[in-house]
Each structure stands twice: as C-alpha cells, then as structure tokens.
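# Results of the structural survey
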Amino acid sequence: MADSIQERGVLPNSLPRPAGEKEQLLRIWSTPPGWRWITAVNNTVVGLLYLGAAFAFFVLAGLLALVMRTQLAVPDNDLVGQDLYNQIFTVHGTTMMFLFAVPAMEALGVLLLPQMLAARDLPFPRLSAFAVWAYIIGGGVFFSTVFYGLAPKGGWFMYPPLTLTEYSPGDNADFWLLGIGFIEISAIAGAIEIIVGILRTRPPGMSLDKLPVFGWSMLVFAGMIVLAFPAVILATMFLEIERSFGWPFFTAAQGGDPLLWQHLFWFFGHPEVYIIFLPAAGLVSMIVPTMAQTPLVGYRLIVVALIAAGFFSFGLWVHHMFATGIPALSMAFFSAASMAVAVPSGIQVFSWIATIASAKERFRLTTPSLFVLGMLFIFTVGGLTGVMVAMVPFDWQAHDTYFIVAHLHYVLIGGMVFPLFATFYYWAPMIGTRRLSERLGKWCFWLFFIGFNVSFMPMHVSGLLGMPRRVWTYSEASGWGALNLVSTLGAYLIGAGVLVFIIDLIRNFRVGENGEPNPWQAGTLEWLPTDLYSTRSIPHVTSREPLWMQPGLAEEVDAGRHYLPNAPTGARETIVTSVIDARPQYVIQMPGNGWGHLLAAVFTAACFLLLTIKVVVPALICGVLAIACCLAWVWELDKGPGKGPVPIGAGITLPVYVTGPTGHGWWAMVILMGVAGSLYLAYLFSYFYLWTVSPRVWPASAQSLPDLEWPALSASLFIAGAALFALAQKTLAAPGRKPFWTPLLIGSGALSTAFAVGVAIVCHWQAGLRPSASSYAALVYMDGVLTGQLVFAVLIMSLFVIARHFTGKLDRVRSATLENTNLLVYYAAAQGLIGLLLVHGFPRWLL
C-alpha cells in the first residue's frame, strides 16, 4: 500500500495538522529536568551518556599508557614497580577493549541508528538504559581497582595457569573475571536492542537494500557479539569457578588444560577485532560519500564484504596460538584463513578510494575527511603486518614481541579510533548547536597522526630486535633505549592531540536544537530536522540517499506530512515494519522515563562486585533486589491492545499490540536463545576438547556411571515441562476470564523442568562423582549449572506470568509474556536433553 501511495505522489498526511500535535509530542518525549535526567529512557540521551562514558574510559586508559611509556622511555627506569606496572598494563588493555572499544560502537549504534532510521526510538530503550548504567557502575569500580592495588595483573587476556589461585592469590583476578563477565552481559543487551531495532524499526519503504551501510555494519557487529561473547563468558565462568570452588578446568594434573582458555578466549578475542572495526568501517562508508557528494561506489559489494569479514573472523582465532604447538594441518588452515580475511577488508578500502576518485567536485578536505584518510593509511599498514604475522614462520619469530604491539595498535587505532574521531567531528552538528572547530580539529588530527606513527612505527623495529611484550624495564645493553624514547615522545604527541580535542569539545560542543541544518549536505535521514521526539513524522523512503533523491523531504517530514505525525495512543510509540521490505505492521507502545532500570543496574552491579570480595549474603540480597526491579520494569511493558488500532496516515490503520513472530519481544527472545545456544556450543567444544587432551580422567567402565533410569527420568520431566507450558498456552481464555487451569499448568511445568535439572545433577552425586575430582567431573556438573541457570529464569518468568494471570493481564489476546516464557522453556528442555545425551551417552558409547 505504501508503495502505491508513493507512486501516485500523494503524501500520507495532509495540511494543516491539528493544533497541539507538536506540543503533545514534546511533552511525551521530554527529558526530566535537573538531576532527574538520570531516569531518562530515550536512546538519544542514553546514547550520548554511553558515548561520553566510553570516551572517558578512553582518556583514562590513555593516561595509563603514558605512564607505561614514561616507564619504558629509558633503560633501567624505576618510575613504577613491576607489580604496579603489571596492574597498569592489564587495566589499560582491559579498559581499551572492554570498556572503550565495544561500548563506544554500541553507543554510536543507539545514538545514530534511530536518527538514520527516522524512528522515534529503538524498540527497547529501557534495556539500553539499563545496559549503560550497569556498564558505567561496573566499569568505574573495575577501573578504580588500579588505585588501591586490587587490579588484576595477568594481562587483558588473563591466561591460566598464571591466573589460577596458586599463582594469583587475592581478589585481583576475580575483579577481572566477575567485572568483565558482567560488562559482557551488558554488551549483549545492547546487541539485542540493535538487531531488533535495525530489522524492525526502519521507516516504510527502507527495504534492506536501501539500509545505510552503517546499519548493515551494526547488524553484523551485533550478530557477532551474540555469537562470540558467550565463549568468553563461559571461559570466565570456568576460571572463576575453578578459583572459588576448585573445579579443575585448566589444571593439567586433574585433566584440565590451560590451552582451553586460549581457545575460548580467542574465539571471542579475534572476532573482537572485527567487532570493533566493522562499525567503524560503516561510519567511514557514510562520511566518504558525503564529502565526495556522490553515492558510495560498490554498495552491494561492501555489504557482502561486511558479512564476509564477520564470517571469516570466526575462523581465525587459532592464529593467536601458532606458538603453542598445535598440529601443522591446523596451522596451515588458519594461516590461509587469516590471509583470506584481507580480501573483504581490501574491497572496502578500494570502494572508499573509488568513491573519492568519482567525486562530482573536489573531495572536501574537512577534519572528518582527514581522519578518514589517516585511517586509510594506518589501517592499511596494520593490515599488511597482519598478513605477515598470518604466515607461521614469521609469527614464530615475531610472537610476543613489540612487533605484535605495533601491529595490533595499527589495526585497532587505525581501524577504530581514527574513524571514531572522524565521527565526532562529522556528527557533532546533528546533536549539538554547531560544528566543532575546523582549525582545532586539524591540529588534533596532525598531532594524533604524527604522534601515532612516531610512537608505534619504531615498535616494529624494537620487536624485530627482540624486545618482548609486557616487560616493565630493560637493560641499556639491549640497545632498545633510543627506539623506546622516540616511541614515548610520540605517545605524548598523541596525548596532546586528544587534549586539543577535549578543549574543542569544551569550547564548542553544546547539546541542543536549532543548529545548522545538514551542514555537510549529506543524503541520509539522520540530517532531517529533529527534536526530542526525533522526526516530526516518519518518512516514506524510496532510495538510499533520500535527502538527495527526494527533494523537499525535510520540509515535508517537519510539517508532519509523512507517517505518524502525532501520538495516537497518548504515549511514546514508533512504527514497526516488516523485516525485508519495511512495510508498516504495527505501532509499538514504548516505555517512558523511570527508576526501574537504574535501580536494577545498581543492584546488579552491587551483586557482582560484592561476590568478587566474597561478601555473599549482601550480594544475594542485591541480586534479589535486582530481579525485583527488573520485574517491576517489565510489568508495564506489555501494555495490551486497549488503545488501538490507530491511523498513521495514507489511510493505513495499524494495531498497537501483536503476538507471535510478528512481535518485537518474540524477536528479542529468539536472539537471547541464540546467545544461550552459542554459550552451550562453547561448552560442548570444551567437553570434547578436554576429552581429547585427557581421556584418562573419563570413565573407564559403565559401572561408574549412574543407572540409565536417572537420565530417562530427567528427560521425561523435561519433556513433560515443555508439554505443560504448551498446554497452558492453549487454555488461555477470552479477555476477562481467568481459568484456574492456566496457572496450574504453568506452575506444574516450571516445577517439572526444575526437577529435571535436579535429577540430572543428583544422580551423579549419588554415583560418587564429585566436581573437584577431575576435569570430566567438573564438566558434567557444569552442564547442570548451564541448564540450571536457564531453569532459574523459567521459574522467575513463570511466577511473573502467573501474577499477570491473576491481575487480568494475561488472556488469549494479551499473551506475549507467556509466549516468550514458552520459547525459553522449549529451549531449556532441548538443551537439557542434549546435555543428558552427552554426559550419559558419550562415555558409554566409548566403552
């Protein structure tokens, strides 16, 4: 319908618009005044807070880098001791990777995507707000540990056995394990918001082939987070459990293997490089066409390259382990895969160059352009050295030397930080009242660019001369003094460049409206006139550069002539469209400002941090309070169909409530199941990996295994639980009726699923197996832990659904909460059955 309207040249809504519409939108979307802005639930506010926090961590980590470079400036320096230096370089790396790089990209996603999609907001703004506050609180406490001697010392990769209790006593390593695991959960929450937002809140007409490249890059980015981060979450669970309870996952004497950590860590760690780079590449693909005033050359090729780079990145993790003695065949495969990833990266670089070359007029050399050109040079150098270290013989020579330090900084800073500064200068007028200073921006660029090369180019040489990574000092006889002094001077030049940028921000950046409209003459939707409610109306899009191809669009949107120019439900809402061709499907009713997400973040962070210092009871109390806050916040999300259907323009009337695969909540639950599935796949890998390494600790006879009646009983309970939930869905009655069967079936199903996990665990205990006995035993009980945490969530959700039943908020029409609970129950049952097959079937099959 929308396409036919556009073809006729008729806009969805006519003028004049009813009086008071705009004032109502301003009131509904207003930010709380004063200090109460912390309760804001709006991705524009939250995204800015998120980005500011990430940049603050960047500055703090940069200051630690200056301390390290000062320590290494001259031989035999004693500015800081070895213990403190180890803490500093661990916190520097951890902060840059976990507290700056990924959060900064997610911040740009929640900040820019609603504008690029002309959506009033992404579908889960309260989840974003929770993730941001959890990140700020958790990250702040983690970083502060360096000031009172509690920071971890094992490097940002935390390799065991160095990080096992035997070699790292105290709480230092625990701060990393619990803190980073917690922050990763926050990152996954943001990824779910981004995926559902991109796929479901695009404006009418913006089919996937018209999606801005930044949208594609964020889609790949978020998908990679969903697949990659669970591996490191599982690794941190293993290590923390081994440190706290002695379950031997990494202790070789009991069948564990420290290399398991490396496999799990780098299965996350290498895609992490592309998780950081791909969104930055997407930003560059938005800036270059604007500065060239011509469409991006090879749009489809770039999209394919983004997907290919994301795919290849999962096949490269072993190239971090060439020096660990892995089989030659594995090294050959991963060496080839490591070199192959240069192809999609090269496609993007050549596309940017081709776009610059095809500029209609002279390519504009603005500050964003300079940072993009600087990125092209630096990232290309980093990519070339990456191809060098992908070759096994060279990697053996350069492994763990400063050559690797130089390579990774050329890739990461060139591939992410330079585009990020280009982004700051390019999109500042969209958020603030004016541009940042071009003069100061160019000073910032040249200090940064020159300083970077002065600092890191010599490290290639010092690495080839044999300087190892992570040393806190060195002797004069080594001959590395002059190179390190030059590197240190370069580091201070980088610091000066960042300082110029901060001065520019303080002088010129003011958040507000009425800035210069579309100052770069860009073609994408984020440059439409906006206010607190985003765009006045949601446009119908017919091209990838609508502001170039649809003359007068900005004026039409601002006058309210496109879709949803008002607030028909009297609250916050936006249009949800179909996944492929972006046809309007329903109007989502969104949450407003509140305290629930903030309190949930505070108590969640407190729970994790108190557990770190072994204060168990208060930690559990905080955990209960966090769950209570989450339930209070979720209670009002399912608003029901009471205010719909509503007209959005062009004669289209949409419902305000849907269930099933059309609903955005269903999509979020499916993605969450993907996270759980990825976590369990990492567990399965760990199980079979340790079996290949230490088959001696696996059962030698079937007599040591529980009788088969036990897994049969557990499997029956899992199946019965899922069936009871399915039956409960069918007993839902018409609105206003509350059949007693429904809560009875839900409660029985939840208990059946819980008993299934209990039986699966108890049978091993009664057979005499103890989790601290061997890596086999630890993995058997870990299966119960992983499924048990899902069942714990099922129990909480079941109580929630039962409460909604008795308050009249669950019926045949208003059933989204039960549908989503059922999805998790089905997944938990499937995982439980796979686990039973694994721990009871696999050993017997061997015997």
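Scroll up to find the structure.
The present account deals with the structure reproduced in this document. The shown structure was predicted, so the numbers you read here are calculated from the model rather than taken from an experiment.

This brings us to the overall build of the protein. For the protein, the count of helices and strands is 25 helices and four strands. Relative to its length of 847 residues, the protein is compact, with a C-alpha radius of gyration of 28 Å against a globular reference of 29 Å. Along the first, second and third principal axes, the C-alpha set of the protein runs to 80 × 75 × 50 Å. The buried share of the protein, reckoned over its 847 residues, is 61%. Taking contacts inside the protein between residues at least 6 apart in sequence as the whole, the part at least 24 apart equals 82%. Accessible surface, the protein: about 31000 Å² in total, of which carbon and sulfur atoms supply 71%.

A few words on the nonpolar core. Within the largest apolar cluster, 257 residues are counted, with the highest numbers of intra-cluster contacts made by Phe100, Phe238, Phe421, Trp427, Tyr683 and Met782. For this core, the leading source of residues is helix α7 (residues 213–245), giving 22 residues. Core analysis: the second largest hydrophobic core is formed by 10 residues, Ile538, Leu564, Val646 and Val656 among them.

A separate point is the state of the cysteines. Disulfide: a covalent bond connecting the sulfur atoms of a pair of cysteines. By the definition in use, this model includes zero disulfides. Take Cys622: it sits in no disulfide, and the sulfur closest to it among the cysteines is that of Cys607, at 6.7 Å. Here Cys630 stays unpaired: no disulfide links it, and the sulfur of Cys629, its closest cysteine neighbor, is 7.0 Å away.

Moving on, we come to the pairing of strand β3 (residues 646–649). With three bridges connecting them, β3 and strand β4 (residues 652–654) associate as antiparallel partners. The residue of β4 that forms the bridge with Val646 is Leu654. Joining the antiparallel neighbours β3 and β4 is a turn of two residues, in which Ala650 adopts a positive phi near 60°.

A contiguous nonpolar patch, built from Leu611, Val616, Val617, Leu620, Ile621 and Leu625 and spanning about 510 Å² of accessible area, is present on the exposed surface. In terms of residue count, helix α20 (residues 616–635) provides more of the nonpolar patch than any other element does, five residues in total. One can find Leu611 in helix α19 (residues 596–612). Taking relative accessible area as the criterion, Leu611 reaches 32% and is therefore assigned partly exposed.

The next subject is the pattern of salt bridges. Any two side chains of opposite charge can pair if their charged atoms end up close together. For the coordinates displayed, the defined rule picks out 14 salt bridges. A salt bridge links Glu636 to Arg126, with the nearest nitrogen and oxygen atoms 3.1 Å apart. Taken together, the residues Glu636 in the loop between α20 and β3 and Arg126 in helix α5 (residues 125–144) connect sequence positions 510 residues apart. Looking at Glu636, the relative accessible area reads 38%, which means it is partly exposed. Relative accessible area serves as the criterion here: at 5%, Arg126 is assigned to the buried category. The shortest N-O distance in the salt bridge between Glu516 and Arg435 comes to 3.4 Å. Here the residue Glu516 occupies a position in the loop between α16 (481–508) and α17 (546–549), and Arg435 occupies one in the loop between α14 (402–431) and α15 (438–464), the gap between them amounting to 81 residues.

If you walk through the whole model with that rule in mind, you get 73 aromatic pairs. Between the aromatic rings of Tyr85 and Phe89, the centroid separation amounts to 6.1 Å while the plane-to-plane angle is 50°, which identifies the pairing as tilted. Here Phe89 and Tyr85 lie together in helix α4 (residues 82–116), a separation of four residues that amounts to about one turn. Taking the relative accessible area as the measure of exposure, Tyr85 reaches 3% and is therefore buried. Taking relative accessible area as the criterion, Phe89 reaches 14% and is therefore assigned buried. An angle of 45° between the planes, with centres 4.9 Å apart, marks the rings of Phe157 and Tyr159 as tilted. Given a relative accessible area of 21%, Tyr159 falls into the partly exposed group.

This part takes up the environment of Leu113. With respect to the element layout, Leu113 can be found in helix α4. The sequence separation of Leu113 and Gly215 amounts to 102 residues, and the corresponding C-alpha distance is 7.0 Å. Those residues in contact with Leu113 that sit more than four places away from it in its chain are Leu108, Leu122, Ile194, Ile198, Phe214, Gly215 and Met218.

In the contact formed by α14 and α15, the axes pass within 8 Å of each other and the chain directions differ by 170°. When the axis of α14 is compared with that of α15, the two are roughly antiparallel. For the contact of α14 with α15, the class distribution of residues is 20 nonpolar, seven polar and no charged.

Another point: a positive patch on the surface. Together, Arg434, Arg439, Arg507 and Arg510 give the surface a local cluster of positive charge. Counting through the fold element by element, Arg510 comes out in the loop between α16 and α17.

Here the residue pair Leu15 and Pro16 is connected by a cis peptide bond, since its omega of -5° sits within 30 degrees of zero. Relative to the helices and strands, Pro16 resides in the loop between α1 (2–7) and α2 (21–28). Residues Pro160 and Pro161 are joined by a peptide bond in cis, for which omega reads 10°. Residue position: Pro161 is located in the loop between α5 and α6 (172–200). For Asp76, which is not a glycine, the phi torsion comes out positive at approximately 55°. In this structure, Asp76 sits in the loop between α3 (43–71) and α4.

So, about helix α23 (residues 741–766). Along an α-helix, residues three or four positions apart point the same way, because every turn accommodates 3.6 residues. Between its first and last C-alpha, α23 extends 36 Å over 26 residues, near the 38 Å set by a 1.5 Å rise per residue. Downstream of α23 by a residue or two, Gly768 has a phi angle that is positive, lying close to 95°.

Bringing helix α10 (residues 328–340) into the picture now. With 13 residues, α10 should reach 18 Å at 1.5 Å per residue; the first-to-last C-alpha distance of 18 Å fits that figure. When we look at burial in α10, the residues that qualify are Met331, Phe334, Ser335, Ala337 and Ser338. Taken down its axis, α10 places every buried residue within 165° of arc, on the same side. Along α10, exposed side chains directed more than 90 degrees from the buried face belong to Leu329 and Phe333.

On to the pairing of strand β1 (residues 573–577). Counting buried positions along β1 yields five of five residues, so the element is predominantly enclosed. Summarising the sheet, β1 and strand β2 (residues 584–589) pair through five bridges and their orientation is antiparallel. Counted as the bridge partner of Glu573 is Gln589 from β2. Hairpin remark: β1 followed by β2, antiparallel, with six residues in the connecting loop; positive phi at Ala582, about 55°.

What counts and how
- Residues numbered from 1 in each chain as written.
- Predicted model: local features only at pLDDT ≥ 70, side-chain atom pairs only at ≥ 80, totals over all residues.
- Heavy atoms only, no water.
- Helix = DSSP H or I, 4+ residues; strand = E, 2+ residues; numbered from the N terminus.
- Rg over C-alpha atoms; globule rule 2.2 N^0.38 Å.
- Buried < 20%, exposed > 50% of the residue type's maximum accessible area, 1.4 Å probe, protein only.
- Contact = heavy atoms within 4.5 Å.
- Areas by Shrake-Rupley, 256 points an atom, 1.4 Å probe, with all protein chains shown as cover.
- Core = buried A, V, L, I, M, F, W, Y, C linked by side-chain atoms within 4.5 Å.
- Disulfide = S-S within 2.5 Å.
- Pairing = 2+ DSSP bridges.
- Patch = residues over 30% accessible without salt bridge, like charges linked within 9 Å, V, L, I, M, F, W, Y side chains within 5 Å.
- Salt bridge = Lys/Arg side-chain N within 4 Å of Asp/Glu carboxyl O.
- Phe/Tyr/Trp six-rings, centres within 6.5 Å; stacked < 30°, edge-to-face > 60°.
- Axes fitted to C-alpha atoms, helices over the stretch in contact; angles between N-to-C directions.
- Parallel < 35°, antiparallel > 145°, perpendicular 65-115°, else oblique.
- Nonpolar A, V, L, I, M, F, W, Y, C, P; charged D, E, K, R; others polar.
- Lys, Arg positive; Asp, Glu negative; His and termini not counted.
- Charge placed at Lys NZ, Arg CZ, Asp CG, Glu CD.
- Expected span 1.5 Å × (residues − 1).
- Arc of directions from axis to C-beta.

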